[in-house]
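These are the residues of each chain, in order.
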Amino acid sequence: MGRIKHLVAILGVMAGLALSAPAFAIFVEERLPNAADEARAREIAEDIRCLVCQNQSIMDSNAGLAKDLRAIVREQVAAGKSDDEVREFLVVRYGDWVLLNPPLKTRTLILWASPFVLLVVGGFFMFRFLRRKNDRAETAAAPAPLTAEEQAELDKLLRNEDGGK
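Here the structure is a predicted model, which means the values were calculated and not measured.

**Q** Give me the overall build of the protein: which residues, what numbers.
**A** Each helix and strand counted, the protein has six helices and zero strands in total. The buried share of the protein, taken over its 165 residues, is 19%. Nonlocal contacts in the protein, meaning residues at least 24 apart in sequence, comprise 45% of its contacts between residues at least 6 apart. Roughly 12,600 Å² of accessible area belongs to the protein as shown, and the carbon and sulfur atoms make up 63% of that amount.

**Q** Which residues make up the packing of aromatic side chains, and what values do they have?
**A** Applying the stated criterion across every chain, the model contains one aromatic pair. The interplanar angle of 70° and the centroid separation of 5.4 Å between the aromatic rings of F124 and F125 together place this pair among those described as edge-to-face. Note on F125: relative accessible area 49%, which makes it partly exposed. Cation over ring: R49 sits above W97, and NZ or CZ is 4.0 Å from the ring centre.

**Q** Can you break down the nonpolar core residue by residue, with the values?
**A** Core analysis: the biggest nonpolar cluster contains 20 residues, and I44, I48, I58, V73, V77, L90 and V98 have the highest contact counts within it. Listed by contribution, the elements that provide at least two residues to this core are α2 (35-46), α3 (64-78) and α4 (83-94). Looking at this core, the element that brings in the most residues is α3, giving five residues. Apart from the residues lying within four places of it in its own chain, the contact partners of I48 are Q56, S57, I58, R87, L90, V98, L99 and L100.

**Q** Give me the lowdown on the packing of α3 against α4, citing residues and values where you can.
**A** It is the contact of α3 with α4, at a shortest axis distance of 10 Å, that shows an interaxial angle of 135°. Classed by the angle they form, the pair α3 and α4 counts as oblique. Considering the relative orientation of α3 and α4, their crossing is right-handed. Seen from α3, the contacting residues are L65, L69, I72, V73, Q76 and V77; seen from α4, they are V86, F89, L90, R93 and Y94.

**Q** An account of α3 is requested, with residue identities and associated values reported.
**A** Over its 15 residues, α3 runs 21 Å from end to end, which matches the ideal 21 Å to within 8%, given 1.5 Å per residue. Positive phi shows up at G80, right after α3, with a value of about 90°.

**Q** With reference to specific residues and values, describe the confidence of the model for the protein.
**A** Detail in the predicted coordinates should be disregarded across regions flagged by low pLDDT. Averaged over all residues, the pLDDT of the protein equals 82, while 84% of them reach at least 70. The least confident element of the protein, judged by mean pLDDT, is helix α1 (residues 2-20) at 70; the most confident is α4 at 92. Taken together, the stretch residues 22-27 has pLDDT below 50 and engages in six contacts with residues farther than four places along the chain or on a different chain.

Scoring rules and cut-offs
Sequence order as written defines residue numbering, which begins from 1 separately in each chain. Local features in a predicted model are, by the rule used here, given only for residues with pLDDT of at least 70; side-chain atom pairs are given and counted only at 80 or more, and totals for whole chains, interfaces and linings are based on all residues. Note that the side-chain values use all heavy atoms of the structure and ignore hydrogens as well as water. In this text, helices come from DSSP runs of H or I with a minimum length of four residues, and strands from runs of E with a minimum of two, each type numbered from the N-terminal end. Buried residues are those whose accessible area, probed at 1.4 Å on protein chains only, stays under 20% of the maximum for their type, while exposed residues exceed 50% and partly exposed ones sit between those limits. Any two residues having at least one pair of non-hydrogen atoms within 4.5 Å are treated as being in contact. To be clear on the numbers: accessible area is Shrake-Rupley with a 1.4 Å probe, and residue cover counts the displayed protein chains and nothing else. Pairing of aromatic side chains requires ring centres within 6.5 Å, counting the rings of Phe and Tyr and the six-membered ring of Trp. Pairs whose planes differ by under 30 degrees are stacked, by over 60 edge-to-face, and all others tilted. A ring has a charge above it when a Lys NZ or an Arg CZ is no more than 6 Å from the ring centre and no more than 35 degrees off the ring normal. Among the buried residues, those of types Ala, Val, Leu, Ile, Met, Phe, Trp, Tyr and Cys that are joined through side-chain atoms within 4.5 Å form a nonpolar core. Convention adopted: a line fitted to C-alpha atoms gives each axis, helices being fitted over their contacting stretch, and angles between N-to-C directions are expressed from 0 to 180 degrees. Just so you know how the angles are binned, under 35 degrees is roughly parallel, over 145 roughly antiparallel, 65 to 115 roughly perpendicular, and the rest oblique. Helix crossings get a hand from a simple test, with the near helix turned counterclockwise from the far one by less than a right angle marking a left-handed crossing and a clockwise turn marking a right-handed one. Any helix carries an expected span of 1.5 Å times its number of residues minus one. A score between 0 and 100, pLDDT records how confident the predictor is in each residue.

Dropping the structure here:
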């Protein structure tokens, strides 16, 4: 009888977790009456960057600004704007950065080039660091040559040691 109680308790906990999973989903404030327009609005929103979270789309973010941007996208779609017109509206307002995949233009070149520039600069500094470290290790391993005075002193000490035997 004890096993059944444990099994029921475990099943109850699992059911509770399964039913609470939708509570963690992002709540979309309102939907467009036309299912096709709603699907279009969601598709557009997947390509728009949350300006607060920065690496999430506005569909994946629960930030206040993301909610506002979702509402703007829905308003534009409801007004009959094309996908490109909605994106252009947001770009004019917030810049190319609002797009998760910004176009390659002169203005966005820094967005596209910065990862490569940082990789090259980081590689350069890593190379210099490792080279310096290697140079220091070689310098520390090899003793400096003796000066003429030090060599003469060493020879004198060695002769005295040999002669004393």
